[in-house]
Amino acid sequence: MQWSDLEREVIRCIKCGACQSVCPVFRELGAESTVARGKVNLIRAVIRGDVDAAGAGFEERMSWCLMCKACQENCPSGVKLDQLILAARRKLAEDKGLPLLKKLIFRLGLRNRRLFDFGMRMGPMFQGLLLRPAPGGKGMLPRLPMGLDMRRLVSPVDARPFRSRVPARVDVAEPRKTVAFFTGCMINYIYPQIGEAVVEVLKRNGIAVIIPAGQHCCGTPVYVNGDVPTAVELARATVDTFAGLEADAVITACGSCGAALRKEYAALLAGEPGYAAKAAALAAKTKDFAEFLAEEGLTAEMQGLAATATYHDSCHLARSQGVRRQPRELIAGVPGLTFKELKAPARCCGAAGSFSLAHYELSRRINDHKVDDIAASGAELVVTGCPMCMMHIRDGMNQRGVAGEVLHTAELLARAYGVEK
Amino acid sequence: MEQTVVAAVKGIVGAEHVFDRFEDRYCYTYDASAVTAGKEGMPALVAYPGSAAEVSALLKLANEYKFPVIPRGAGSNVSGGSIPCAGALVMVLTRLNKIVGIDRKNMVAEVEAGVITAEFQTEVEKLGLFYPPDPASKAFSTMGGNVAECAGGPRGAKYGVTRDYVLGLEVVLPTGEIIKTGARTMKCVAGYDLTRLMTGSEGTLGVVTKVIVKLLPLPEAKKTMLAIFDDMEKAAETVARVFMAGVIPTTLELLDNIYIRNIEAAVNVGLPVEAEAVLLIEVDGDKEVLDKQVGIIEGICREQGATVKVARDAKEADELWVARRAAFAAVSRVRPTIIGEDCTVPRDKIPEMVRIIRAIADKFDIIIAVLGHAGDGNLHATILTDERDRDEMARVEKAAEEIFRATLAMDGTLTGEHGIGLVKKKYLPLEVGEGGMMAMRAIKRALDPNNILNPELV
């Protein structure tokens, strides 16, 4: 949505205030300017000329959004709140430019796949200088204050990215279906074991997997920060890589990547000659890992797992993609496993990608509710469909001393099949 | 506002509970009504007090330095009752959010003003008790705000409005005194009924900080049904007939075709999009009597030519309620600006009122959708328009005035549950007359000699 198109959307907000009851940021900050109704009215104020978009106050308030879409789901008028915030961020990026670090990563790094890959591969060699192993082998903690909170548990960049561990094609005898796997950055560089679990589970269930080597970042981090030109470039690259493949479906195993391929590309590429139809075709073909498997049905027998598990709904998987039922069905189907629902499974965990870098304290406070909910559930395993949520929930559980493991749905299933992670 | 005053406010409530940045203050220039103070009416400061003592200190400061104070809960009122004026202090009461106690034996509860209504209801229902007032905004509106506006809701047909449950209040007067009104008892005739005076006073006579409410036993069961009409008149007539048959439904909601179509587009629960009107009817009480009541109502509806669907289970009933609650905002799909009028007429005048509303819509060439808590005569004529269209807005203004005059001519009232606010301020003399205005102004002057509290409303 362009800035000039915003007014019509903005005045559709009848200021009823329903967003107050669901916004995680408002819950913590309490000021009217931090809830969707307030942000929409600030955008309206910019259009009217009452508020200066160049001011730090406006930019900061536009940054206070997790893109969790809870307000949108709850908005009786159907105001496209996320599109409004994105349009504002886009304008800010265009008018004021991106901060240098974001510009370097987005424009120089992400636009060049080989350079990005080289940088990420170099990561493991140097991260030991910056990160130290956390006690108990749970992850890494910063050695120096370098933009990361000193208590923040992060997962290191793996020495061997997922895509260099697996062949470009994993075949099975008499495949039921063939899928192409869009791995995304977190799985490729930080959690290759999720990628391995995805491939393993698919393989055992008679699904052949193509893993195109030329794939790149989906663009979500760039898009949500308002850098639309880079996001368009990344969207085109993904569409080009996946459009022509002989596959029955394109599989994602990250809520945000899936949301990008299925929802955001259509908007990003609407005005790109030749790309609109290809983006629509890719969107129609893309399915989340759990969604695809639940539809196809598991054919291979499981050993089972004796444990209690719960499930966290990633915002981009549950709200953007509407995938809620399928992961639960898969988890419930694991022999020996007890499933306990969280009190508020779809409440945002507070990670929201770069939001947790920019507003770490706030993202922790939001996460505390999630961790409390997990602790109250008594589950030993927390299952989710988004690697970013996994990292943030692990960090929260570690800081609050809550025991339990955080797993991707694919990892849980791989374990149930007896595959060591 | 002078720096010394700003510092004093920060001293009273703590600097972290005060907002003075432009962008933050701007977000208190509106509420859920169609009016806004705009840049010209910017509040000078926004403060979130944490106790009645802090509210009192702020009001004393306001009297000393003569600045206006606008109390506010969640800002969900639709009458413009919490719109500030330039230089005002907006006082948000959402930090007062404790349920002080629920007394099961005496069936009363005490809550702070900032408690969210639906959260309070959930807590009392866990104990088998019932707090009936249910404004459409209950998921985010506050108890204090409900008292200040005397909020109603769909259950009003049987259970009345907020006023009917308030036994007593803790109120900070405009001059800073903290007083208690009413009692924790069911009966109380000690002195003037200040509880009723404060309830519905729209933040002009005092700041409600605590509320004592009476509770009822939670009804054992309820049944929900939808009566579908292809004739609006017949639907409207059915309302009075149901009551005349001796049945008092909890809820009797009338929705016209514009509402039906747009709610269905918004929430997709299978409403009959071709119907001229529907009545959403709910009865509650002992299980044994519900079937009998449903039978009587069903019979009347069928006589009036309706087809009736009774919800089979809680899920189906819930879907109907999700639909009803989405109504007011769902029609914003038609035109971006919606103005919800709140006229209330005697129940038997509903068919006539609906006819008049439709005629006025035609006369001024605007869209008016009709929804109503028809069981208590409370009709929400909803004007669907576009605030950017000046010509149309002028016609809207004229149409609204005709609706108000027609309502009063039928022995009705300008507002059943939203309050007068800024939105209907100029029409109030039509209803209460010059004598009524004089009495109200005298009360305001007596309690608020410096005209501190929400001065623009009076």
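Residues numbered from 1 in each chain as written. Chains lettered and ligands numbered in written order. Predicted model: local features only at pLDDT ≥ 70, side-chain atom pairs only at ≥ 80, totals over all residues. Heavy atoms only, no water.

- The name that an unreviewed UniProt entry assigns to chain B is FAD-linked oxidase C-terminal domain-containing protein, with the source organism given as Anaeroselena agilis.
- We quote the UniProt Cofactor (unreviewed entry) comment for chain B here in full: "FAD". (UniProt positions renumbered as here; feature names shortened; annotations may be inferred.)

- Under an unreviewed UniProt entry, the name given to chain A is Glycolate oxidase iron-sulfur subunit, and the source organism is Anaeroselena agilis.
- Check the Function (unreviewed entry) section of the UniProt entry for chain A; it says "Component of a complex that catalyzes the oxidation of glycolate to glyoxylate."

Remarks on the overall build of chain B
No. 1: Secondary structure summary: chain B contains 15 helices and 18 strands in total.
No. 2: For 458 residues, the compact-globule estimate of 2.2 N^0.38 gives 23 Å, and the C-alpha radius of gyration of chain B, at 22 Å, lies within 12% of that figure.
No. 3: In terms of overall dimensions, chain B has C-alpha extents of about 70 × 60 × 40 Å along its principal axes.
No. 4: Classification of the 458 residues of chain B by burial places 57% in the buried group. (Helix = DSSP H or I, 4+ residues; strand = E, 2+ residues; numbered from the N terminus. Rg over C-alpha atoms; globule rule 2.2 N^0.38 Å. Buried < 20%, exposed > 50% of the residue type's maximum accessible area, 1.4 Å probe, protein only.)

Quick word on empty space enclosed by the protein
Residue and element names in this part refer to chain A.
No. 1: Here the structure, examined in full by the defined rule, presents 7 cavities of 30 Å³ or more.
No. 2: In this model, the largest cavity occupies a volume close to 150 Å³.
No. 3: Taken together, 15 residues form the lining of the largest cavity, with C23, K39, C65, C68 and C71 sitting closest to its centre.
No. 4: For the lining of the largest cavity, the secondary-structure elements that each account for two or more residues are α2 (24–29), α3 (36–48), α5 (70–74) and α6 (81–96).
No. 5: Sorting elements by how many residues they give to the lining of the largest cavity places α6 first, with 3 residues.
No. 6: Here the lining of the largest cavity is built from residues that sort into 12 nonpolar, no polar and 3 charged.
No. 7: Reported here for the second largest cavity is a volume of approximately 100 Å³.
No. 8: Lining the second largest cavity are 15 residues, with C13, C16, G17, C19 and C75 sitting closest to its centre.
No. 9: Tallied by class, the residues present in the lining of the second largest cavity amount to 11 nonpolar, 2 polar and 2 charged. (1 Å grid on protein atoms, 1.4 Å probe; cavity = no way out; pocket = protein on both sides within 12 Å on 5 of 7 lines; lining within 4 Å. Points joined across faces, edges and corners; volume = space filled by probe spheres on them. Nonpolar A, V, L, I, M, F, W, Y, C, P; charged D, E, K, R; others polar.)

Notes on the sheet that holds strand β8 (residues 307–312) of chain A
Residues and elements named next belong to chain A.
No. 1: What the 4 strands build is an open sheet, ordered β9-β8-β10-β11; its pairing is parallel. Pairing within the sheet leaves two strands with one partner each, and these edge strands are β9 (337–339) and β11 (405–408). With direction set aside, neighbouring strand axes in the sheet form an average angle of 35°.
No. 2: Summarising the sheet, β8 and strand β10 (residues 381–384) pair through 4 bridges and their orientation is parallel. The residue bridging T310 from the neighbouring strand is V382, located in β10. (Pairing = 2+ DSSP bridges. Axes fitted to C-alpha atoms, helices over the stretch in contact; angles between N-to-C directions.)

Details of the state of the cysteines
Residues and elements named next belong to chain A.
No. 1: Tallied over the full model, the rule gives 0 disulfides over all chains.
No. 2: Distance from the sulfur of C75, which forms no disulfide, to the nearest cysteine sulfur (C16) is 6.3 Å.
No. 3: For C75, a relative accessible area of 18% gives the class buried.
No. 4: Free cysteine: C218, not disulfide-bonded; nearest cysteine sulfur from C257 at 4.0 Å. (Disulfide = S-S within 2.5 Å.)

Considerations on the packing of helix α11 (residues 192–204) of chain A against helix α16 (residues 289–296) of chain A
In a packed pair of helices, the relevant descriptors are the angle between the two axes and the axis-to-axis distance.
Residues and elements named next belong to chain A.
No. 1: Taken N-terminus to C-terminus, the directions of α11 and α16 make an angle of 10°; their axes are 12 Å apart at the nearest point. Classified by the angle their axes make, α11 and α16 are roughly parallel. Here V198, V201 and L202 of α11 come into contact with α16, specifically with F289, F292 and L293.
No. 2: In terms of residue class, the contact of α11 with α16 is made up of 6 nonpolar, no polar and no charged. (Parallel < 35°, antiparallel > 145°, perpendicular 65-115°, else oblique. Contact = heavy atoms within 4.5 Å.)

What about the interface of chain A and chain B?
No. 1: Facing 33 residues of chain A, the contacting portion of chain B comprises 35 residues.
No. 2: Summing the contributions of chain A and of chain B, the shared interface buries around 2,700 Å²; its carbon and sulfur component is 53%.
No. 3: Counting the surface chain A buries against chain B, the share from its top three residues, I11, I14 and K15 of chain A, is 20%.
No. 4: For the pair chain A and chain B, the number of links is 3 salt bridges.
No. 5: Residue E387 of chain B pairs with R44 of chain A through a salt bridge whose shortest N-O separation is 2.9 Å.
No. 6: At the surface where chain A touches chain B, the tally comes to 12 residue pairs in polar contact (both at pLDDT 80 or more). (Buried area = accessible area lost by both parts, 1.4 Å probe. Salt bridge = Lys/Arg side-chain N within 4 Å of Asp/Glu carboxyl O. Polar contact = N/O pair within 3.5 Å; in protein donor to acceptor, adjacent residues only side chain to side chain.)

A few points about the packing of aromatic side chains
Residues and elements named next belong to chain B.
No. 1: Here the structure, examined in full by the defined rule, presents 8 aromatic pairs over all chains.
No. 2: Pairing F120 with Y131 gives two aromatic rings, centres 5.3 Å apart and planes at 65°, and the pair type is edge-to-face. Note that F120 is positioned in helix α4 (residues 117–126) and Y131 in the loop between β7 (129–130) and α5 (143–149), a separation of 11 residues in sequence.
No. 3: Taking relative accessible area as the criterion, F120 reaches 0% and is therefore assigned buried. (Phe/Tyr/Trp six-rings, centres within 6.5 Å; stacked < 30°, edge-to-face > 60°.)

Digging into the pattern of salt bridges
No. 1: All told, the structure shown has 55 salt bridges over all chains when counted by the stated rule.
No. 2: With a closest N to O distance of 3.9 Å, E23 of chain B and R21 of chain B form a salt bridge.
No. 3: On the basis of relative accessible area, R21 of chain B is assigned to the partly exposed category, the value being 37%.
No. 4: Bridged by salt links that share partners, the residues E32 and R37 of chain A together with R72 of chain B form one connected network.

Things to note about the sheet that holds strand β6 (residues 249–252) of chain A
Consider a sheet: its strands pair through backbone hydrogen bonds, and that pairing is either parallel or antiparallel.
All names here are of chain A.
No. 1: What the 5 strands build is an open sheet, ordered β3-β5-β4-β6-β7; its pairing is mixed. The sheet terminates laterally at β3 (169–170) and β7 (286–288), the two strands that pair on one side only.
No. 2: Pairing geometry for β3 and strand β5 (residues 207–210), over 2 bridges, is antiparallel. Considered in β5, the bridge of R169 is made with I210.
No. 3: Contacting β6 and β7, helix α15 (residues 276–285) runs over the sheet at an angle of about 30° to β7.

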